[in-house]
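Listed below, chain by chain, are the residues.
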Amino acid sequence: MSAKAKPETEPPPTYAIDQTVIVVVTAGWVFVGRIRELTERCLVIDTASNIRHWGTTKGLGELAVKGPLKATVLDAVGIAWLERRHVLFCLPCSWDAKL
């Protein structure tokens, strides 16, 4: 008899202070900003903007890689305190100079 194999799981993603990320939260909100602080309860991002309109043809991944496009609409919010229980996922960005 063979033992059941444990499903392979990826370790939870780790993010670094000052890393630029797109954060998708509950209720359809999407933010972009630099991680300022991570606690058990909150993810705090500064130089934050709400992404009102993605302006992409290939989704958020395109935005994470290429940065804001001509049709992208960002609304500056400054600092956003996001409760981690509402964070669905984060995408690392390669365009922090454009914030």
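One can find the structure itself at the top, above this paragraph.
Computed from a predicted structure; not experimentally measured.

Enquirer: Help me understand the overall build of the protein in this model?
Expert: Counting its regular elements, the protein contains one helix and five strands. Helices and strands in the protein line up, N terminus first, as β-β-β-α-β-β. Taking contacts inside the protein between residues at least 6 apart in sequence as the whole, the part at least 24 apart equals 56%.

Enquirer: In this structure, what is going on with the side chain of T72? I would like to understand it.
Expert: In this structure, T72 sits in the loop between α1 (60-66) and β4 (73-83). Given a relative accessible area of 13%, T72 falls into the buried group. Within the local environment of T72, its side chain forms a polar contact with the backbone oxygen of W54, the two atoms lying 2.7 Å apart. Looking at T72, its side chain comes within polar contact range of the main-chain nitrogen of L69, at 2.9 Å. Among all residues touching T72, those that are not within four sequence positions of it are H53, W54, G55 and L63.

Enquirer: Teacher, can you tell me more about the pairing of strand β3 (residues 42-53) here?
Expert: For a regular strand, side-chain orientation follows a simple rule: the groups alternate between the two sheet faces. The sheet contact formed by strand β2 (residues 30-38) and β3 spans six bridges and is antiparallel. Its bridge partner lying in β3, V32 is registered against S49. The antiparallel pairing of β2 with β3 creates a hairpin that spans three residues between the two strands. Relative to β4, β3 runs antiparallel, the two sharing nine bridges. Pairing of A48 across the sheet is with G78, part of β4.

Enquirer: I keep staring at the pattern of salt bridges and nothing clicks. Help me out?
Expert: When charged atoms on two side chains of opposite charge get close, those side chains can pair. One pass over the structure, following the stated rule, counts four salt bridges. Between R41 and E83 there is a salt bridge; the shortest N-O distance is 3.9 Å. Within this pair, whereas R41 is found in the loop between β2 and β3, its partner E83 is found in strand β4, the two being separated by 42 residues in sequence. When the shortest N-O distance is used, the salt bridge between D75 and R52 registers 2.7 Å. Here R52 lies in strand β3 and D75 lies in strand β4, a separation of 23 residues in the sequence.

Enquirer: What am I meant to see in the nonpolar core here?
Expert: Looking at soluble globular proteins, one finds that nonpolar side chains tend to be buried together. Among the nonpolar cores identified, the biggest contains twelve residues, and these are V21, V23, V25, F31, I35, L43, I45, A48, A80, L82, V87 and C90. Of all the secondary-structure elements, those providing two or more residues to this core are β1 (20-25), β2, β3, β4 and β5 (87-92). Ignoring sequence-local partners within four residues, the contact set of C90 consists of Y15, V21, I22, V23 and L43. If you look at the next biggest cluster of nonpolar residues, it comprises ten residues, including I22, V30, L60 and A64.

Each value, and the rule that gives it
Residues numbered from 1 in each chain as written. Predicted model: local features only at pLDDT ≥ 70, side-chain atom pairs only at ≥ 80, totals over all residues. Heavy atoms only, no water. Helix = DSSP H or I, 4+ residues; strand = E, 2+ residues; numbered from the N terminus. Contact = heavy atoms within 4.5 Å. Buried < 20%, exposed > 50% of the residue type's maximum accessible area, 1.4 Å probe, protein only. Polar contact = N/O pair within 3.5 Å; in protein donor to acceptor, adjacent residues only side chain to side chain. Pairing = 2+ DSSP bridges. Salt bridge = Lys/Arg side-chain N within 4 Å of Asp/Glu carboxyl O. Core = buried A, V, L, I, M, F, W, Y, C linked by side-chain atoms within 4.5 Å.

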